[in-house]
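Given next are the chains, with one letter for each unit.
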Amino acid sequence: MASREQFSSKTGFIMAAAGSAIGLGNIWGFPTQTASNGGAAFVLVYFILAFCLAYPALMAELIIGRHARANVFTALRGIATGPFTRFLGGFVGGYGVLVASLILSFYAIVAGWMLAYLGEAIARLLGMDQLAGWLISFGFERNMLLMGLFMMLTMAIIAKGIEGGIEKWSTRLMPMLLIILIALIGYVLTQSGAQEGLRVYLLPDLSQVRPVLILDAMGQAFFSLSLGVGTMLVYGSYLDEKESLPKLGAAVTLVDAGIAFIAGLLIIPAIYVAKEHGATIFNDSGELIAGPDLIFQVLPALFNSMGEVGVLVALAFFVLMSIASLTSSISMLEVPVSFATEETKASRKQATLIIGLLIFCVSSLILSYFEQLFSLVIDLTTVYSQPLLGLLLCVFVGWIWHRDNLLQELSKGHPTISETWFWKIWPSYVKIFCPILILATFVQGVIG
Ligand code: PHE
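These numbers come from a predicted model, not from an experiment. (Residues numbered from 1 in each chain as written. Predicted model: local features only at pLDDT ≥ 70, side-chain atom pairs only at ≥ 80, totals over all residues. Heavy atoms only, no water.)

## Observations concerning the pattern of salt bridges
For clarity, the threshold we go by: Think of a salt bridge as a Lys or Arg side-chain nitrogen and an Asp or Glu carboxyl oxygen that are within 4 Å of each other. Summary of the burial criterion: residues with accessible area below 20% of their type's maximum are buried, those above 50% are exposed, and those between are partly exposed, where the area comes from a 1.4 Å probe applied to protein chains only. Under the DSSP-based scheme used, a helix requires at least four consecutive residues in state H or I and a strand at least two consecutive residues in state E, with every element numbered from the N terminus.
According to the stated counting rule, one finds 10 salt bridges in the structure shown. We note a salt bridge from D129 to R124, for which the minimum N-O separation is 3.5 Å. Among the residues examined, D129 registers a relative accessible area of 49% and is labelled partly exposed. For E334, the salt bridge identified is with R348, shortest N-O distance 2.8 Å. With E334 in helix α14 (residues 308-343) and R348 in helix α15 (residues 348-368), this residue pair connects regions lying 14 residues apart in the sequence. The burial state of E334 is the same as that of R348; both residues are buried.

Below, the structure written as C-alpha cells:
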C-alpha cells in the first residue's frame, strides 16, 4: 500500500480543522441562533456545551482517527472487538459517510448562493447590471449553476489530496477570513444602530430562553465542530504521532467558538444598522429574521443603502462567506472520498469525481423539490443524525475500546498524559457523562 498522506505540520492541521469547523454554522448559524434565543444566555449555554460536550466528543474522533489511520468506516470496524461491534462499527461508519455526503448536498446549495451574491457585487462593480440582477434572483438555473460551480471548487481541492489540497488551501484561506471578518466588524461598529445590536447580542434576555434552547445549542455545537460524521476523525488520521491530541483538540474548539463569538459582533450589529436604514428585521410574529432572508434580503438591503462603499462591503462579506463555506465543504467531501479510496481500488481523483457527481445529483434533486426536501435534509442530518452519531462515537471510545489503548494512543505526542487532569477526567467522562447528556438533551428537545 502506498504510504498514507499526512498534514505537514501542527499548524497545517489546525488550519484545516479550524477551516472545517468554521463555516456557515459560525458566521450565520451562531449569531442568528443567539439573537433569537435570548442573546447572551444562549452564548453562555453554547460555550458550556462546546467545552463540556463537544470538546470531549471531538477528542473521541481525533483519537480513533489517529490510532486507526483510516476513514471513519474502516477505523470503527478496525477498533471493534468482536463480530457484533464490527458490525456496529461498519453501520456507524457507513451512516457517518452518508450523513457527511448529505450535509454537503445542502451546504453546496447555500454556498452557491454565497457565490451568486459575490458574483453580483463584482458584476455591479463592472457595470453589468443585468447579470447582477440575474445572480440574485432565486431561480432553478441560477441555483444549479452556482451549486455546480461550488462543487467543482470543492472537488478540485480534494482531488489534490491532503497536503497539496486541504492543507494548502486552508492555510491560505483562513488568515484571509480572519482579516476580512475583523475589517467588516470595524466598519459596521462605527455605523449608527450598531450599539443596539451589541446590546441585544451581549445582554441576556431570560424571557426568551425556551426549553429547546439547550437542544439548539447542542445541535449548533456539534454542527459547528463538524462532529459525528467522521470529518474530524479523518483529519485526525492525517496527524503525526508526535502531536499532543488534547492540546490540538482544545485549540480547535477554542478557535471555533471564538470565531463564532466574533462573528456575532458583526452580524447582530449589522442587522440593527440595517434597521436604522429602514430595513424590516422582524417577521410578522415579532421574531428577528434569521433564515436565508437575513443573509439574502436584510444585509443586501443594508449594503445597497450604503452607497458606493456598499458594493465593496458586500463583496468583502460574500468573499468571507464563500471562504468559510469552502474550507468546510472540502472536509465534508473528504469523508466519502477517503472511504472510497481506502475501501476500493479507486484513485483519489476517480473517487473525487464519482462521489462529487453523485452529491451534485442529490443537490439537484433537492433543488428540484426545494420546498419538500431542503429543510427536511437539513433537519435529518444536523438536528437528528449528528448528535446521535456523536453519541455512538463516544460509546465506541468509552465502552468498546480498551482504556489501555486509549492511554497508549494519547501518550504518543504527550508522554506525561497519565498525570494530567485530562486523563483523570476524560475517559469516564466520554464513557458515561457525554452519552447520557447527549441522549437527555436529544430526548428532551425532540419530545418537549
Ligand atoms: N462546521 C461546519 C460549519 O460550521 C459545518 C460542517 C458540518 C462541516 C459537518 C463538516 C462536517 O459550517
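From this point on, the discussion continues.
## Describing the side chain of E243
Its place among the elements puts E243 in the loop between α11 (231-236) and α12 (245-276). According to the relative accessible area criterion, E243 is buried, its value standing at 8%.

## Focus: a positive patch on the surface
What counts is decided by this rule: Patch membership needs two things, relative accessible area over 30% and no salt bridge, and members are linked within 9 Å if like-charged or within 5 Å if nonpolar (Val, Leu, Ile, Met, Phe, Trp, Tyr). Per-residue and other accessible areas follow the Shrake-Rupley method at a 1.4 Å probe size, with only the shown protein chains counted as cover for residues. In summary, the charge assignment counts Lys and Arg as positive and Asp and Glu as negative, without counting His or the chain termini. For the purpose of locating charges, the reference atoms are NZ of Lys, CZ of Arg, CG of Asp and CD of Glu.
Together, K160, K168, R172 and K349 make up a region of like positive charge exposed at the surface. Positionally, K349 belongs in helix α15. Accessibility expressed as a relative area gives 58% for K349, which makes it exposed.

## Here's the deal with the packing of aromatic side chains
What counts here: Pairing of aromatic side chains requires ring centres within 6.5 Å, counting the rings of Phe and Tyr and the six-membered ring of Trp. Pairs whose planes differ by under 30 degrees are stacked, by over 60 edge-to-face, and all others tilted.
Applying the stated rule across the entire model yields 29 aromatic pairs. When the centroid spacing of 5.8 Å and the interplanar angle of 70° are considered together, the rings of F7 and F13 count as edge-to-face. Taking relative accessible area as the criterion, F13 reaches 0% and is therefore assigned buried. A ring pair is formed by F30 and Y46, whose centres lie 4.8 Å apart and whose planes are at 55°; its orientation type is tilted.

## Focus: the site of the ligand
Quick reminder of the rule: It suffices for a single heavy atom of a residue to lie within 4 Å of a molecule or strand for the residue to be listed as near it. Pairs of N or O atoms within 3.5 Å make up the polar contacts considered here, provided that, within protein, one atom can donate a hydrogen while the other can accept it, and that residues adjacent in sequence are counted only when both atoms are side-chain atoms. Under this grouping Gly is polar, as are all residues other than the nonpolar Ala, Val, Leu, Ile, Met, Phe, Trp, Tyr, Cys and Pro and the charged Asp, Glu, Lys and Arg.
In the vicinity of the ligand there are 16 residues, among which A21, G25, Y107, F223 and S224 approach most closely. Taking N26, its side chain carries an N or O atom lying 3.3 Å from an oxygen atom of the ligand. In the environment of the ligand, an oxygen atom lies 2.7 Å from a nitrogen or oxygen atom belonging to the side chain of Y107. Look at the ligand: alone it shows 320 Å² of surface, and the protein chains cover 100% of it. Residues that form the shell around the ligand fall into these classes: six nonpolar, 10 polar and no charged.

## Quick notes on the packing of helix α5 (residues 83-125) against α14
Under the convention used in this document: Axes here mean lines fitted to C-alpha atoms, for a helix over just the part in contact, with angles spanning 0 to 180 degrees between N-to-C directions. Roughly parallel here means an angle under 35 degrees, roughly antiparallel means over 145, roughly perpendicular means 65 to 115, and every remaining angle is called oblique. In a left-handed crossing the near helix is turned counterclockwise from the far helix by less than a right angle, and in a right-handed crossing that turn is clockwise.
Contact pair α5 / α14: the axes reach a minimum separation of 8 Å and the direction vectors enclose 155°. Relative to α14, α5 is oriented roughly antiparallel. The two elements α5 and α14 meet at a crossing, and its hand is left-handed. Residues of the contact of α5 with α14, tallied by class, amount to 26 nonpolar, six polar and one charged.

Note that every value here comes from positions in space, so none of it alone points to a role or purpose.
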